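# Structural overview
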Amino acid sequence: EKVGDEEGEDRGGEQAEDQPPAEAGEGIKLTDAEEKAGFERRLKERDLKATRKIVENKLSKEELADIERRKQAEAAGDKSQAVKDLRKASRREYLKKREEAKLDELEQAVEDEKQLFEGEELTEKERAELAYKERVLQLAKERKRQLEELEQDDAYHMPAAYDDG
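Everything numeric here is computed off the predicted structure, so don't read it as measured data. (Residues numbered from 1 in each chain as written. Predicted model: local features only at pLDDT ≥ 70, side-chain atom pairs only at ≥ 80, totals over all residues. Heavy atoms only, no water.)

## So, the overall build of the protein chain
For clarity, the cut-off: A helix here means a DSSP run of H or I that spans at least four residues, while a strand means a run of E at least two residues long, and both kinds are numbered starting from the N terminus. Partly exposed residues are those whose accessible area sits between 20% and 50% of the maximum for their type, while under 20% is buried and over 50% is exposed, using a 1.4 Å probe and protein chains only. Contacts are assigned to residue pairs with any non-hydrogen atoms lying within 4.5 Å of each other. Where accessible areas are quoted, they stem from the Shrake-Rupley method and a 1.4 Å probe; at the residue level, only the protein chains shown are allowed to cover.
Helix and strand content of the protein chain: five helices and zero strands. Burial statistics for the protein chain: of 165 residues in total, 10% are counted as buried. Within the protein chain, residue pairs in contact and separated by at least 24 positions form 50% of the contacts whose partners lie at least 6 positions apart. Accessible surface for the protein chain amounts to roughly 15300 Å². Of this, 52% is attributable to carbon and sulfur atoms.

Okay, structure coming up:
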């Protein structure tokens, strides 16, 4: 739509004939205001269409739990308990990251020793130390795999018996 279209001019002319000149000027101002509002509305719609919308990522279970914890803490109004809960959650996240870093570090150390002493004759102590590191790495990976399986399954699992007899 044009700002000065023919219909607007006709209305302005009709008003000038039917109404006194002071009121005709007000009618033109009203149509100008309406046209301006329409132009602004169309401009906003065009900008919204041109704007790329970012889709929110799906939140993980941990993030949802964290959000719920924060809401409950705020609702209760107990800030000291909220701080304690947030510290616990933060500590768990830190320990997970640290466990992965240490596991990677151990794996790299075992690989380095194997490559470094590949053709060398090792003493009994060195062979035992390398075997120990390999066993620790194997057990740590097995434990991590089992924990990941448990996290995927939300059901309760009975713990294994500690005694053999």
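## What about the packing of helix α4 (residues 79–116) against helix α5 (residues 124–152)?
The following threshold applies: Only the stretch in contact is used when fitting a helix axis, every axis being a line fitted to C-alpha atoms; angles between N-to-C directions are given from 0 to 180 degrees. Helix crossings fall into two classes, left-handed where the near helix is turned counterclockwise from the far one by less than a right angle and right-handed where it is turned clockwise.
Their axes nearest at 10 Å, the elements α4 and α5 cross at an angle of 145°. Taken as a pair, α4 and α5 cross one another with a handedness that is left-handed. Between α4 and α5, the residues in contact are Lys-96, Glu-99, Glu-100, Leu-103, Leu-106, Glu-107, Val-110, Glu-113 and Lys-114 and Leu-130, Lys-133, Glu-134, Val-136, Leu-137, Ala-140, Lys-141, Arg-143, Lys-144 and Glu-151, respectively.

## Some remarks on α4
Convention followed: Multiplying one less than the number of residues by 1.5 Å gives the expected span of a helix.
For α4, which comprises 38 residues, the first-to-last C-alpha distance of 54 Å matches the rise-based estimate of 56 Å (1.5 Å per residue) to within 8%. Ala-82, Ala-89, Leu-103, Val-110 and Glu-113 are the residues of α4 that are buried.

## Section: the pattern of salt bridges
For the record, the criterion: Definition used for salt bridges: Asp or Glu carboxyl oxygen within 4 Å of a side-chain nitrogen of Lys or Arg.
One pass over the full model with this rule turns up 12 salt bridges. Lys-144 serves as the salt-bridge partner of Glu-100, at 3.9 Å between the closest nitrogen and oxygen. Residue Glu-100 is found in helix α4, and its partner Lys-144 is found in helix α5; the two are separated by 44 residues along the sequence. For Lys-144, a relative accessible area of 25% puts it in the partly exposed group. Here Glu-113 makes a salt bridge to Lys-133, at a shortest N to O gap of 2.6 Å. Placement of the pair is Glu-113 in helix α4 and Lys-133 in helix α5, with a sequence separation of 20 residues. Classification of Glu-113 as buried rests on a relative accessible area of 18%.

## A word on a nonpolar patch on the surface
Put simply, the test is: Like-charged residues within 9 Å of one another, or nonpolar side chains (Val, Leu, Ile, Met, Phe, Trp, Tyr) within 5 Å, are grouped into patches, provided each residue has over 30% relative accessible area and no salt bridge.
Where nonpolar side chains cluster on the molecular surface, the patch consists of Leu-59, Leu-64 and Ile-67 and spans about 240 Å² of accessible area. Tracing the chain through its elements places Ile-67 in helix α3 (residues 61–76). Using a relative accessible area of 34% as the deciding quantity, one classes Ile-67 as partly exposed.

## Overview of the side chain of Glu-113
Short version of the rule: In protein, a polar contact requires one atom able to donate a hydrogen and another able to accept it; more generally it is a pair of N or O atoms within 3.5 Å, and residues adjacent in sequence count only if both atoms are side-chain atoms.
Engagement of the side chain of Glu-113 in a polar contact is seen with the side chain of Lys-133, the distance being 2.6 Å. When neighbours within four sequence positions are excluded, Glu-113 is seen to be in contact with Leu-130 and Lys-133.

## Focus: the confidence of the model for the protein chain
Our working definition: What pLDDT expresses is the predictor's confidence in each residue, scored from 0 to 100.
On average, residues of the protein chain carry a pLDDT of 79, and 78% of them reach 70 or more. Contacts from residues 5–16, a stretch scored under 50 in pLDDT, to residues over four places away or in other chains number nine contacts.

## Digging into the environment of Leu-130
Structurally, Leu-130 can be placed in helix α5. By relative accessible area, Leu-130 is classed as buried at 14%. Residues Leu-130 and Glu-113 lie 17 residues apart in sequence; the distance between their C-alpha atoms is 7.7 Å. Filtering out sequence-adjacent residues up to four positions away, Leu-130 remains in contact with Val-110 and Glu-113.

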